[in-house]
Every structure is written in structure tokens, then in C-alpha cells.
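Inside the fold
The primary structure of each chain is shown beneath.
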Amino acid sequence: LKTEGNLDGNPVSDETRQRQAVQLRELLSYLGPTFVKAGQALSIRVDLLPEVYLKELRKLQDAVPPFPTEEALAILDRELAAKGGVTGVFETISPEPVASASLGQVYRGKLRDSGREVAIKVQRPGILPSIALDMHILRLLAPYIQSSKNLNSDLVGLLDQWGSRFVAELDYLREAENGKDFIAAMKARKIESVTSATPVDDLCTSNILITDWIYGERLELSEEEDVAKLCGLALTAYLTMLLDTGVLHADPHPGNLLRTDEGKLCILDWGLTTEITNDQQYAIIDLSLIHISEPTRPLYISYAVFCLK
């Protein structure tokens, strides 16, 4: 992307940048899940792109064009066949998705047996072959890009790592377990104001994820007075994951951070996580101490010791 000016050296107008930003978002959406995921990653990189591009790319976080609801209902019927399918499990289900992302889309529903309000996440059909083909093509191109740009980074290694995590996100049973483990970890550490959506275990499969419906709003859009406090709680939660539990939520874009109606911080989407070993935790602390200012160093050390004790 050339963001400073045109090839003739003249500055790019605001209208041109806006049009290019929209074209970039639409192109990534057209290319499919792999490239949408790349756009999502770029959307939080304020060090790489101007705000006009970031604003458009943020729309990829939960506003990706959905696949037909008829296909989603067919997947739900197949996955829940033993329990009576869609009509046997749900009293109501929204006619259209309330959110659509790169790997799946979410509906709002009510369980027939309990009246429980739930979020119903359905994986996009045929997504694994699509991702596999995209990753294969990118992996073939990576050595040529690395050579032509004279890059020091191992692009093939980076793609292999990204691809393995990408595929792991497709296992919704694993995502459900990650979410439950996080809720338990926060309760065990008495961090009462941080939570996640509780899965409905007997209805989740590798292709559908059903959780409690969270009543709230995106943290970045909330105008409540406690937003600053919840941002601090988010930092505490992520430090706890990084230095204590060793399972880090690796997709903290704004669409996954909510303020609940009760004033709690809710962290959603546990498909993408990374494990931090004990040796890595100590290494992070060692490196961090070098760069922490003297006045705050004792507080950081005390928190790190608490996490690792």
C-alpha cells in the first residue's frame, strides 16, 4: 500500500484514500477467510496503516458478508439431529445472523427446554479446503517474496505457524473448553469482574458453538463511566493469562471485548489461543524488568511473583 502520495509525488486526497480503503476491504472479503483473517490482524496495527484503512478493516471483525441462513440451518439440523434438529432444540432463532466473521456467523436463539437465551455460532461450510488451498498458495509464494524483498524473516515458518493456529480455530469443541477454562481461572483468582460466555456443553460440536447470550455492548463503543476501569481489568486479565495460567487469548480485537449490562468485562472468541511455558513466562519477566521505569518496578515484580508463586 502506498499511503504517502501518488507515484508522481503529489499527496493522495482524503477521498482517494477512503475509496482505496473500501476497495482493500472488499478485495479481502472477496478472496475469502484466509485473507479476511489477515485483514483483521492488520486492523489493529496502528503502526502500519493510516486510520482510514484501519477503520475499514475493522469492519472485517464482525461484518464479513454472511453465507445463506438456509445453509446454516442445514448445518444445525445435521449437527443436532440426535436432539431433534433446529425445531427440537430451539424455540426461536433469528432469521438472519447478528454477526458474521471469517470462520462462521452467529445467530440469536432461545432453547426450547429451558427458555435460555443463547448465541449460536455456525462454521462456514467447506472452509477447511478453502483455507488449505489459500495456505498452500501463500506458502509457494513466500520464498519468492522473501528473496525479492531481501527479508530477514522466515516467511514460510511464519505461514506454517499462522496456518496451524488458523486450522485449530475450526475446532469449536476446543474453543468451548478454552472458554470454560478461562471462566474457571478468573473465578479461582477472585477476578470477579471478568468473564466469558458459558458454553452449553451438550449442544456444542466441532462445527457449532452454543453459549449463553451476553447482554451488553462493545467496550470501545460504551459511554459508561466504568470503561476506564474495565480497560484496566482487561490488562489484569491478560497479564494473568500471560504470567499465570499460561493460556493466552490471542485475538483481542475490539469485537471480542464487551461491557456486560452488569458492568463486567466479557472476553469472547476462544478459538485462537497460545500456550506460554513457564520458561517463557520467566523470560518475559526478565526482559520486561529491563524496560520498566524505576517507580513502577516494585509493583510489577510483586504482581509477577504473585502470578508465578
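Residues numbered from 1 in each chain as written. Predicted model: local features only at pLDDT ≥ 70, side-chain atom pairs only at ≥ 80, totals over all residues. Heavy atoms only, no water.

1. Description of the overall build of the protein
- Helix and strand counts for the protein stand at 11 helices and 11 strands.
- The proportion of buried residues among the 309 residues of the protein is 41%.
- Restricting the contact set of the protein to residue pairs at least 6 apart, pairs at least 24 apart contribute 61%.
- Here the protein has roughly 16900 Å² of accessible surface; of this, 57% comes from carbon and sulfur atoms. (Helix = DSSP H or I, 4+ residues; strand = E, 2+ residues; numbered from the N terminus. Buried < 20%, exposed > 50% of the residue type's maximum accessible area, 1.4 Å probe, protein only. Contact = heavy atoms within 4.5 Å. Areas by Shrake-Rupley, 256 points an atom, 1.4 Å probe, with all protein chains shown as cover.)

2. Regarding the nonpolar core
- In this structure, F182, M186, V194, M241, L265 and I267 are the most contacted members of the largest nonpolar core, which totals 19 residues.
- Top contributing element to this core by residue count: helix α9 (residues 227-245), with seven residues.
- Apart from residues no more than four positions distant in its own chain, L265 is found in contact with S193, V194, T195, L219, L230, L233, A234 and L258.
- Core analysis: the second largest hydrophobic core is formed by 17 residues, F67, V86, V89 and I210 among them. (Core = buried A, V, L, I, M, F, W, Y, C linked by side-chain atoms within 4.5 Å.)

3. Overview of the pattern of salt bridges
- Under the criterion given, the structure shown has 16 salt bridges.
- Of the charged contacts in the structure, one is a salt bridge between R108 and E117, with a shortest N-O distance of 3.5 Å.
- Among the residues examined, E117 registers a relative accessible area of 25% and is labelled partly exposed.
- For R139, the salt bridge identified is with D160, shortest N-O distance 2.6 Å. Taken together, the positions of R139 in helix α6 (residues 127-148) and D160 in helix α7 (residues 155-168) put the pair 21 residues apart, joining distant regions of the chain.
- Take R139: its relative accessible area is 41%, and that puts it in the partly exposed class.
- Accessibility expressed as a relative area gives 36% for D160, which makes it partly exposed. (Salt bridge = Lys/Arg side-chain N within 4 Å of Asp/Glu carboxyl O.)

4. What about a negative patch on the surface?
- A cluster of acidic side chains, namely E217, E223, E224, E225, D261 and E262, defines a negative patch on the protein surface.
- Assignment of secondary structure puts E224 in the loop between β7 (216-218) and α9. (Patch = residues over 30% accessible without salt bridge, like charges linked within 9 Å, V, L, I, M, F, W, Y side chains within 5 Å. Lys, Arg positive; Asp, Glu negative; His and termini not counted. Charge placed at Lys NZ, Arg CZ, Asp CG, Glu CD.)

5. Focus: the sheet that holds strand β5 (residues 194-195)
- The strand order β5-β10-β9-β7 describes an open sheet built from four strands, whose pairing is mixed. Either end of the sheet is taken by a strand with one partner, and the two such strands are β5 and β7.
- Judged from the two bridges that link them, β5 and strand β10 (residues 265-267) form a sheet pairing that is parallel. Among the inter-strand pairings, V194 is bridged to a residue of β10, identified as L265.
- Strand contacts of α9: β5, β9 (257-260) and β10, with the helix running at about 45° to β10, the strand carrying the most contacts. (Pairing = 2+ DSSP bridges. Axes fitted to C-alpha atoms, helices over the stretch in contact; angles between N-to-C directions.)

6. Structural notes on unusual backbone geometry
- A positive phi angle is found at K190, which is not glycine, with a value near 60°.
- Although it is not a glycine, D269 sits at a positive phi angle of roughly 65°.
- Here D269 lies in the loop between β10 and β11 (273-275).

7. Some remarks on the packing of helix α1 (residues 14-31) against helix α2 (residues 33-42)
- Remark: α1 packs on α2, axes separated minimally by 5 Å, with the N-to-C direction vectors making an angle of 140°. Taken together, the residues of α2 that come into contact with α1 (itself represented by L28, S29 and L31) are F35, V36 and G39.
- Here the contact of α1 with α2 is built from residues that sort into four nonpolar, two polar and no charged. (Nonpolar A, V, L, I, M, F, W, Y, C, P; charged D, E, K, R; others polar.)

8. Details of the packing of α6 against α7
- The N-to-C vectors of α6 and α7 enclose an angle of 170°; their axes lie 9 Å apart at closest approach. Of the possible angle classes, the one that applies to α6 and α7 is roughly antiparallel. At the point where α6 passes α7, the crossing takes the right-handed sense. Touching L128, I131, M135, L138, R139, A142, P143, I145 and Q146 of α6 are L155, V156, L159, D160, W162, G163, F166 and V167, all from α7.
- The residue makeup of the contact of α6 with α7, split by class, is 13 nonpolar, two polar and two charged. (Parallel < 35°, antiparallel > 145°, perpendicular 65-115°, else oblique. Left-handed = near helix turned anticlockwise from the far one by under 90°.)

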